[in-house]
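# Coordinate inspection notes
This is what each chain is made of:
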Amino acid sequence: MERNIAQIALFAAMIAALGLVPPITLTFGVPITAQSLGVMLAGAVLGSRRGFAAVGLFVLLVALGLPLLAGGRGGLGVFASPTVGFVVGYPIAAFVTGLFVEHVRLRSPGLTAGLGAVVGGILVLYLLGATGLAYVAGKTLIEAFALVAAFIPGDLLKAGIAGMLVQALAKVRPQTLEWLRLPASNGNARL
Ligand SMILES: O=C(O)CCCC[C@@H]1SC[C@@H]2NC(=O)N[C@@H]21
């Protein structure tokens, strides 16, 4: 229990720390940010429920006004900005990444985590992010998807980094990755 709380707090703090990397804001008001790497890692390392809790805690602190988003932003105004779908989608992206690693077995933990990050941290997050962007900026969903496609190369790189970090963690501290111990007979797909 205490260990869970400590890990959840640690990952929320890590996402906040990644906000210190200066963002590059694109013309449509959504930045390239290192924080989405933290979201991928939270799901890939902690799994679905604890990953959701860690990222949810981070988003709650932002909503309460702490300037934890890249560039020192925070407060309820964020939820009326072009990034609303991404911020609301962060915990869901971590949850889906976690679900993936808990239920799919690939050749290595790193590959499982990397692909989980692509599914949760790119596919699901972009779906929510583009929906929010379309709503706030008065664009069609197709137009919003065309805009957020600009993030794909950077986010594929982040998913690769998440996979490599999880692979290293699986070697030096496998007990951290609780999902590694889930039995294959537990409905897990082996690919
Ligand atoms: O700081 C915010 O208000 C949220 C920014 C969301 C940015 C999204 S996350 C997925 C994609 N990859 C990036 O680097 N930026 C966008």
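Residues numbered from 1 in each chain as written. Predicted model: local features only at pLDDT ≥ 70, side-chain atom pairs only at ≥ 80, totals over all residues. Heavy atoms only, no water.

The cut-off we apply is this: UniProt positions are given in the numbering used here, feature names are shortened, and annotations may be inferred rather than shown by experiment.
Under the annotation held in an unreviewed UniProt entry, the protein carries the name Biotin transporter and is attributed to Paracoccus caeni. Its UniProt record gives the protein a comment under Subcellular location (unreviewed entry), which states: "Cell membrane". The heading Sequence similarities (unreviewed entry) in the UniProt record of the protein holds the text "Belongs to the BioY family."

## A few points about the UniProt feature "transmembrane region" (unreviewed entry) in the protein
Counted only if it meets this: A run of H or I in DSSP becomes a helix once it reaches four residues, and a run of E becomes a strand once it reaches two; helices and strands are each numbered from the N terminus.
Feature annotation in UniProt assigns "transmembrane region" (unreviewed entry) to the following positions: residues 6-30, 51-70, 76-101, 113-138 and 144-166. Helix makes up 69% of residues 76-101 and strand 0%, with an end-to-end C-alpha separation of 32 Å. Between the C-alpha atoms that bound residues 113-138 there is a distance of 35 Å. The span itself is 96% helix and 0% strand.

## A short note on the site of the ligand
Using the following cut-off: Proximity is defined per residue: any heavy atom of the residue falling within 4 Å of a molecule or strand makes that residue near it. Here a polar contact is taken to be a pair of N or O atoms separated by no more than 3.5 Å, where protein atoms must pair a possible hydrogen donor with a possible acceptor and residues adjacent in sequence count only if both atoms sit in side chains. In this description, accessible areas are obtained by the Shrake-Rupley approach with a 1.4 Å probe, and a residue is regarded as covered only by the protein chains that are shown.
In the vicinity of the ligand lie 15 residues, with Pro31, Arg73, Thr83, Asp155 and Lys158 positioned nearest. Threonine 33 places a main-chain nitrogen or oxygen 3.0 Å from an oxygen atom of the ligand. The contact in question runs from a nitrogen atom of the ligand to an N or O atom on the side chain of aspartate 155, over 2.8 Å. Taken by itself the ligand offers 410 Å² of open surface, and the protein chains cover 100% of this. Of all the secondary-structure elements, those providing two or more residues to the shell around the ligand are strand 2 (31-32), helix 4 (84-103) and helix 7 (152-172).

## So, a nonpolar patch on the surface
Rule in force here: Like-charged residues are merged into a patch within 9 Å and nonpolar side chains (Val, Leu, Ile, Met, Phe, Trp, Tyr) within 5 Å, provided each residue has over 30% relative accessible area and no salt bridge. Any Lys or Arg side-chain nitrogen located within 4 Å of an Asp or Glu carboxyl oxygen qualifies as a salt bridge.
Taken together, the side chains of Phe52, Val88, Ile92, Phe95 and Leu99 make up a nonpolar region of the molecular surface, amounting to roughly 380 Å² of accessible area. Ranked by residues supplied to the nonpolar patch, first place goes to helix 4 with 4 residues. Following the sequence through the fold, phenylalanine 52 ends up in helix 3 (residues 48-63).

## Brief notes about the pattern of salt bridges
Under the defined criterion, the tally for this structure stands at 3 salt bridges. Residues lysine 158 and aspartate 155 are paired through a salt bridge, measuring 2.7 Å at the closest nitrogen-oxygen approach. With lysine 158 and aspartate 155 both in helix 7, this residue pair falls 3 residues apart, about one helical turn.

## What to know about the nonpolar core
Operational definition: Note on terminology: a nonpolar core comprises buried Ala, Val, Leu, Ile, Met, Phe, Trp, Tyr and Cys residues joined through side-chain atoms within 4.5 Å. Residue burial is assigned from relative accessible area. The probe radius is 1.4 Å, only protein chains are included, and a residue is buried under 20% of its type maximum, exposed over 50%, and partly exposed in between. Whether two residues touch is decided by their heavy atoms; if any such pair falls within 4.5 Å, the residues are in contact.
Membership of the largest hydrophobic core comes to 45 residues, with the highest contact counts inside it found for Phe11, Val39, Val45, Val55, Phe58, Val148 and Val166. Every element with two or more residues in this core is listed here: helix 1 (2-18), helix 2 (35-46), helix 3, helix 4, helix 5 (109-137), helix 6 (141-148) and helix 7. When neighbours within four sequence positions are excluded, valine 45 is seen to be in contact with Phe11, Val166, Leu169, Thr176, Leu177 and Trp179.

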